[in-house]
Amino acid sequence: TDRLAARGYVAVAPSLFTRVEPGVDLGYGDADRAKGMALKSAAEALPGVKAVVTRDDFPDMAIEHADKIGFDGPFYIEPKPREPSTHQYDSDSAACLNFLREYGLMDRFFLNIETNHATLAGHTMEHELTVAANAGKLGSIDANRGDTLIGWDTDQFPTDLYLTTQVMLVVLGMGGFTTGGLNFDAKRRRE
């Protein structure tokens, strides 16, 4: 959370381990990760701690904090099929939009659509973008590609000219971005 906040992002992380080890400060190394997993197990074993913050509460907490510090920009939510499981509330654009409508969050949230997440959801990227754009909620795009046979997000650089053209046609059709944009969320794999 501190790394995101240092870059200017609003970052919220509930203190899930307070009842187990108050004031614990964990880093990103292997030892801290192992300790965090142990604390997580211990916290989940306590009565009444099954879900300290639910997915329903988190967006409201983020908005409340943003308002408190004077942040009036948009928030982005990204459909993540199969991350961490196949049945979840944010499996595709339509599911995310329904979640935002259900909880009265449409005015502050936009969707960030990732190419391979569309594939993993069983849709085309054009479909996912069009659903978000038609709702006026396409906020940004992670411009990458994956592998349809792997079944997981591989974050490779986009190389399909036809898909890239379809993506840009949707963006141009909605008049371009007024916030957000294209994020090349890809990584070099073999060096």
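Predicted, not measured: the structure shown is a model, and the values here were computed from it. (Residues numbered from 1 in each chain as written. Predicted model: local features only at pLDDT ≥ 70, side-chain atom pairs only at ≥ 80, totals over all residues. Heavy atoms only, no water.)

Colleague: I'm lost on a nonpolar patch on the surface in this one. Help?
Modeller: Residues Phe157, Met168, Leu172, Leu182 and Phe184 make up a contiguous nonpolar surface patch of roughly 490 Å² in combined accessible area. As for its placement among the helices and strands, Phe184 is situated in the segment after strand S4 (181-183). (Patch = residues over 30% accessible without salt bridge, like charges linked within 9 Å, V, L, I, M, F, W, Y side chains within 5 Å. Areas by Shrake-Rupley, 256 points an atom, 1.4 Å probe, with all protein chains shown as cover. Salt bridge = Lys/Arg side-chain N within 4 Å of Asp/Glu carboxyl O. Helix = DSSP H or I, 4+ residues; strand = E, 2+ residues; numbered from the N terminus.)

Colleague: Would you mind going over the packing of aromatic side chains with me for this structure?
Modeller: Each aromatic ring pair is characterised by the separation of its centres together with the angle its planes make. Throughout the structure, instances matching the rule amount to 4 aromatic pairs. Ring geometry for Phe71 and Phe75: centres 5.8 Å apart, planes at 75°, overall edge-to-face. Overall, the relative accessible area of 11% leaves Phe75 in the buried class. Their ring planes at 25° and their centres at 5.2 Å tell us that Phe75 and Phe109 sit as a pair that is stacked. Pair noted here: Phe75 is in strand S1 (residues 75-77) and Phe109 is in strand S2 (residues 109-114), with a separation of 34 residues, a long-range link. Grouping aromatic residues by their ring pairs yields a cluster made of Phe71, Phe75 and Phe109. The lysine or arginine in question, Lys137, covers the ring of Phe110, its NZ or CZ lying 4.2 Å from the ring centre. (Phe/Tyr/Trp six-rings, centres within 6.5 Å; stacked < 30°, edge-to-face > 60°. Buried < 20%, exposed > 50% of the residue type's maximum accessible area, 1.4 Å probe, protein only. Lys NZ or Arg CZ within 6 Å of the ring centre and 35° of its normal.)

Colleague: Please clarify how the side chain of Glu78 should be interpreted in this entry.
Modeller: Relative to the helices and strands, Glu78 is located in the loop between S1 and helix H4 (93-102). Of note is the side chain of Glu78, whose polar atom sits 2.3 Å from the side chain of Asn112. Within the local environment of Glu78, its side chain forms a polar contact with the side chain of His117, the two groups lying 3.2 Å apart. (Polar contact = N/O pair within 3.5 Å; in protein donor to acceptor, adjacent residues only side chain to side chain.)

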